[in-house]
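Coordinate analysis (summary)
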Amino acid sequence: RKRTHPRLMSYETILYEVSDRVATITFNRPDRLNALSPAMVRELRDAYAAAEADENVWLLLVTGNGRAFCAGADVGEIPDDGRVIYDEPYLSTHEQWEAPQEATPPFRTMTKPVLVAVNGLCCGAGLDLVTTGDITIASDRAEFFDPHVSIGLVSGREMVRLARVLPLNVAMRLALMGKHERLPAQRAYDLGLVSEVVPHDTLMQRAREIAAIVNRNAPLAVRGTRLAIRKGLDLPLHEAEILAEAFRERVVRTDDAKEGPLAFVEKRAAKWTCT
C-alpha cells in the first residue's frame, strides 16, 4: 500500500504528525510529566480540530513522551480560585458552562475514532483520555490513579467518568484514597479499563498496527458505528437502536457501501473513497 508523506504541524507543548491516515498527537512536556498547562490545553484543542477537519485523517492516536502519559493539570499553573483558564472573559462562552475538558478530545461531537496509547503514569485529567477514548491500550509500565482529594480538590468529571467504566467500589477506592492508591496496567486490563497491555518498548508499534487495522475498514462506516455507540450510551435501548439504524441508513447511500460488497465478491481489497 502506498504510504502518505508525513505532515508536521509546529506546537510548543505537543507533537502533531499525520502519516498513513493517522494523526498522532503526543503530549510533549516530559519534564513536567506531561501535566496540562493552559498553553497545552489550547494547543490540544487546535490539534483535535485540525485532525477532525483533515480529510486525510481517518483516526487519531494520542500518546505521551517520557515516563508519563499525562499527570493531569499542572498544579503550578492553576489560578488561586481554582478556575480553568480560558482566553475569553469568564462565563462568556458556552464551553465555560460545561464540564472542563482540558486534554479530552471533543468526543461527543467529533466523528473520527480516537486510539489512546498510555505510555506511563496516568492520573487526574489524563484519565479522561482513557475513559473517553474509543480504543485504549497501555504499556506494562502504565499506572493509573487520581490525586485530587490528596491536594484538597474534588475529583469531578474524571471520577464520574471512571465510575461508568470500573466497578463502583474500585472507582470509589481510587477516588477516596487519592495519590495513595495506584492501579497497575495489568489490573486495569483485568477490570476492563484498557483493552490490551503490551511490553513498553512495543507500545507504539502495536498502536500503529491497531490504527492500520481500523483504517482498513470503510471510514464512514467506522464513524457511523462509533457515533451510534457513543450517542446510544445516553439513551434507552430502543431509542439507541433506532438512532443506530438512522446512521446505518445514511451510510448505506454512500459509494463505499457499494464498494464493500463488490470488493468482497471480487475477492480484492476495497478502495475506500469516503464518499
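Residues numbered from 1 in each chain as written. Predicted model: local features only at pLDDT ≥ 70, side-chain atom pairs only at ≥ 80, totals over all residues. Heavy atoms only, no water.

**Quick word on the nonpolar core**
Condition: Side-chain atoms within 4.5 Å link the members of a nonpolar core, which is a set of buried Ala, Val, Leu, Ile, Met, Phe, Trp, Tyr and Cys residues. Each residue gets one of three labels from its accessible area relative to the maximum for its type: buried under 20%, exposed over 50%, partly exposed in between, using a 1.4 Å probe on protein chains only. Secondary structure counts use DSSP, requiring at least four H or I residues in a row for a helix and at least two E residues in a row for a strand, with both numbered from the N terminus.
Within the largest apolar cluster, 45 residues are counted, with the highest numbers of intra-cluster contacts made by F27, L44, F69, V118, F144 and L166. Looking at which element gives the most residues to this core, the answer is helix α1 (residues 38–53), with six residues. V22, L115, V198 and A211 belong to the second-largest nonpolar core, a separate cluster that totals 12 residues.

**Brief notes about the environment of V114**
The test is simple: Here a residue-residue contact requires only that any non-hydrogen atoms of the pair lie within 4.5 Å.
Within the secondary structure layout, V114 lies in strand β6 (residues 114–118). Between the C-alpha atom of V114 and that of T136, which follows or precedes it by 22 residues, the distance is 8.5 Å. Setting aside residues no more than four positions away along its own chain, V114 makes contact with L60, V62, P105, G133, D134 and I135.

**Re the sheet that holds strand β5 (residues 68–70)**
Quick reminder of the rule: Strands pair, by our definition, only if DSSP identifies at least two bridges between them.
Judged by pairing direction, the sheet is mixed, and its four strands sit side by side in the order β5-β7-β9-β10 without closing on themselves. Each end of this open sheet is capped by a strand with a single partner; those strands are β5 and β10 (183–184). Two elements, β5 and strand β7 (residues 121–123), share two bridges in a ladder whose sense is parallel. By the bridge assignment for β7, C70 is matched with C122.

**Thoughts on a nonpolar patch on the surface**
Here is the rule: Note on patches: the residues involved have over 30% relative accessible area and no salt bridge, like charges join within 9 Å, and the nonpolar side chains Val, Leu, Ile, Met, Phe, Trp and Tyr join within 5 Å. What sets the accessible areas is the Shrake-Rupley method with a 1.4 Å probe; for residues, cover comes only from the shown protein chains. Here a salt bridge means any side-chain nitrogen of Lys or Arg lying within 4 Å of a carboxyl oxygen belonging to Asp or Glu.
Together, V75, I151 and L153 make up an exposed nonpolar region whose accessible area comes to about 260 Å². Judged by relative accessible area, I151 falls into the partly exposed class, the value being 47%.

**Brief notes about the pairing of strand β3 (residues 22–27)**
With six of six residues buried, β3 is to be regarded as a mostly interior element. In β3, alternate side chains face the same way, and those of V22, T24 and T26 on one face and A23, I25 and F27 on the other are all buried. Pairing geometry for strand β2 (residues 14–19) and β3, over six bridges, is antiparallel. The residue of β3 that forms the bridge with E17 is T24. The turn linking β2 back onto β3 is made up of two residues, and D20 within it adopts a positive phi angle of 55°. Where β3 meets strand β4 (residues 59–64), six bridges bridge the pair, whose relative direction is parallel. When the bridges of β4 are listed, A23 appears paired with L60.

**Some thoughts on the packing of aromatic side chains**
Note the following rule: Centres within 6.5 Å are what make two rings of Phe, Tyr or Trp a pair, Trp counting through its six-membered ring; a difference in plane orientation under 30 degrees is then read as stacked, over 60 as edge-to-face, and the rest as tilted. Cation placement over rings: the criterion is NZ of Lys or CZ of Arg within 6 Å of the ring centroid and within 35° of the ring normal.
Taken as a whole, this structure holds two aromatic pairs when the rule is applied. Their ring planes at 70° and their centres at 6.3 Å tell us that Y11 and Y16 sit as a pair that is edge-to-face. Accessibility classification places Y11 together with Y16 in one group, the buried group. For the pair F27 and F69, a centre-to-centre distance of 5.2 Å together with 50° between the ring planes defines the contact as tilted. One end of the pair, F27, is in strand β3; the other, F69, is in strand β5, and 42 residues separate them in sequence. You'll find F27 and F69 in the same group, each marked buried. Lying across the ring of F145, R182 places its NZ or CZ 4.2 Å from the centre.

**Some thoughts on the packing of helix α8 (residues 219–232) against helix α9 (residues 237–251)**
What counts is decided by this rule: Axis lines are fitted through C-alpha atoms, for helices just across the contact stretch, and the angle between N-to-C directions can take any value from 0 to 180 degrees. Orientation categories follow fixed angle ranges, with anything under 35 degrees roughly parallel, anything over 145 roughly antiparallel, 65 to 115 roughly perpendicular, and all other angles oblique. Note on convention: near helix rotated counterclockwise from far helix by under a right angle means a left-handed crossing. Clockwise means right-handed. Side-chain classes follow a simple rule in which Ala, Val, Leu, Ile, Met, Phe, Trp, Tyr, Cys and Pro form the nonpolar group, Asp, Glu, Lys and Arg form the charged group, and the remainder, Gly included, forms the polar group.
Taken N-terminus to C-terminus, the directions of α8 and α9 make an angle of 165°; their axes are 9 Å apart at the nearest point. As far as their axial angle goes, α9 and α8 are roughly antiparallel. As α8 packs across α9, the resulting crossing turns out to be right-handed. Contacts from L220, A221, G224, L227, A228, K231 and G232 in α8 reach A240, L243, A244, F247 and V251 in α9. Each residue belonging to the contact of α8 with α9 can be placed in one class, and the counts come to nine nonpolar, two polar and one charged.

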